[in-house]
Amino acid sequence: MSTLSKRINSLSESATLKMTKLGRELASKGINIISLSVGEPDFNTPDHVKNAAKQALDENYTRYSPVPGYPDLRQAIVKKLKTENNLDYDISQIVVSTGAKQSLSNVILTLIDPEDEVIIPTPYWVSYSEMVTLAEGKSVFIDTDLESNFKITPEQLEAAITPKSKLFMFSSPCNPTGSVYNKEELAALVKVFEKYPNIYILSDEIYEHINFVDSHESIAQFDSIKDRVIVVNGFSKAFAMTGWRLGYIAANKEIAAANDKLQGQTTSGTCSIAQRAGIVAYEEGLESVLKMKEAFLRRRELVYNLLNEIPGVKTNLPDGAFYFFPEISSFFGKKDADGNVIKDSSDLALYLLNVGHVATVGGDSFGNNNYIRLSYAASDESLVEALKRIKEALGKLV
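For the protein, the name recorded in an unreviewed UniProt entry is Aminotransferase, with Pedobacter psychrotolerans as its organism. The heading Sequence similarities (unreviewed entry) in the UniProt record of the protein holds the text "Belongs to the class-I pyridoxal-phosphate-dependent aminotransferase family." Regarding the protein, the UniProt comment filed under Cofactor (unreviewed entry) reads as follows: "pyridoxal 5'-phosphate".

As structure tokens, this is what we get:
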């Protein structure tokens, strides 16, 4: 009998982290692995941000920070939300956490009771449903596909709502598909939410600045539901600060206070040095962000063209983030050289790792088994080689 709690036994291991770990294990044996599995910019944190961290050390910002974050960082976030998104908040509505991942988890734990339903469009980031499980809620999925550009309709949303619905959570730009909701599409969803005043909306906007179509549109811009929207954002993707663990929420004062309360009993305030660097990141503008975005745009075109050269693979052209989510179900039922049958997307991802030496992630972990996720946060040379290996490996299946 396991001595572990039912809570931890009910959770699945993060598929993205698992594939990254498997890739590192093979690499440690001398095998050249190209990792397209992790959602991490391959750029270094900008120098001015790193210098701010060094200065913070010299100024002895080494003690406990306020649980919801330093007031001047929260004020910088308030200013950013106003100038970039035209959203009005005050610092009492901002809670800084140890990464946007903790922010998401905090919101779910403060809102969801056992059996509350959380509506999640698929595909979704692997941790969404597991966070709901941890809170003892129930995930209700709305399926999308390549033909719909992985976006839901108002009709699908309304059909998923029940008396137990408490929260709707989504990301735009989306991980894993790169899909981006425009203002008109969000407005159509808002009309549905207006009918159901007990449903909150958790809007994950961490990929906000990696958007290749128009300016970023937040669902919090609609006054009729703004008080029920919790915006989650952070510094990891836009400023290549994944290891700094710095995220935040913007929400109504009750929810912000609840997140402050929960965080005070778990991690307390996030790293003081990271927070001081975050202030400078927001105050110094987006020049470094735009340079990274240019590189991602070039890589998107490169990978799109290479994917379209692989027989049996179907893909769209993502509007944001740095992922492709191609449809690969035509390979299900095929066999490798040892006679092993590819049954699902996880099998295919493992096959590509072991035979092609490219780390990807099976779409089943994102809620859509007919797909795999590829990150193009890698050099152009690595991407060309990775897609060559994938094409050759898939060509060996019979």
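Having seen the structure, we can now continue with the description.
**Points about the overall build of the protein**
Looking only at helices and strands, the protein features 13 helices and 12 strands. Computed over the C-alpha atoms, the radius of gyration of the protein is 21 Å, within 12% of the 21 Å expected from 2.2 N^0.38 for a compact globule of 398 residues. Out of the 398 residues in the protein, the part that is buried amounts to 55%. Long-range pairs, those at least 24 residues apart, make up 75% of the contacts in the protein with a sequence separation of at least 6. Approximately 17400 Å² of the protein is accessible, and the part contributed by carbon and sulfur atoms is 50%. Once the 42 positive and 51 negative side-chain charges of the protein are each reduced to a mean point, those two points are 3 Å apart.

**Topic: the environment of Pro41**
Tracing the backbone shows Pro41 in the loop between β1 (34-35) and α3 (47-58). Judged by its relative accessible area of 7%, Pro41 falls in the buried class. Separated by 281 residues in the primary sequence, Pro41 and Phe322 have C-alpha atoms spaced 8.5 Å apart. Not counting residues within four places of it along the chain, the set of residues in contact with Pro41 comprises Ser236, Lys237, Ala240, Thr242, Phe296, Phe322 and Ala377.

**Structural notes on the sheet that holds strand β12 (residues 372-375)**
The strand order β9-β12-β11 describes an open sheet built from three strands, whose pairing is antiparallel. A single partner strand is all that each edge strand has here, and the edge strands are β9 (323-324) and β11 (361-362).

**What to know about the UniProt feature "domain: Aminotransferase class I/classII large" (unreviewed entry) in the protein**
In the numbering used here, UniProt assigns the feature "domain: Aminotransferase class I/classII large" (unreviewed entry) to residues 32-390. For the annotated span residues 32-390, helix accounts for 37% and strand for 13% of the residues, and the straight-line distance between the end C-alpha atoms is 14 Å.

**Things to note about the packing of helix α12 (residues 345-356) against helix α13 (residues 380-395)**
Across the interface, α12 lies against α13 with an axial gap of 10 Å and an inter-helix angle of 110 degrees. In terms of axis orientation, α12 runs roughly perpendicular to α13. Here α12 contributes Leu348, Tyr351, Leu352, Val355 and Gly356 to the contact with α13, which in turn contributes Arg389, Ile390, Ala393 and Leu394. Counted by class, the contact of α12 with α13 contains seven nonpolar, one polar and one charged residues.

Thresholds, definitions, all that
- Residues numbered from 1 in each chain as written.
- Predicted model: local features only at pLDDT ≥ 70, side-chain atom pairs only at ≥ 80, totals over all residues.
- Heavy atoms only, no water.
- UniProt positions renumbered as here; feature names shortened; annotations may be inferred.
- Helix = DSSP H or I, 4+ residues; strand = E, 2+ residues; numbered from the N terminus.
- Rg over C-alpha atoms; globule rule 2.2 N^0.38 Å.
- Buried < 20%, exposed > 50% of the residue type's maximum accessible area, 1.4 Å probe, protein only.
- Contact = heavy atoms within 4.5 Å.
- Areas by Shrake-Rupley, 256 points an atom, 1.4 Å probe, with all protein chains shown as cover.
- Lys, Arg positive; Asp, Glu negative; His and termini not counted.
- Charge placed at Lys NZ, Arg CZ, Asp CG, Glu CD.
- Pairing = 2+ DSSP bridges.
- Axes fitted to C-alpha atoms, helices over the stretch in contact; angles between N-to-C directions.
- Parallel < 35°, antiparallel > 145°, perpendicular 65-115°, else oblique.
- Nonpolar A, V, L, I, M, F, W, Y, C, P; charged D, E, K, R; others polar.

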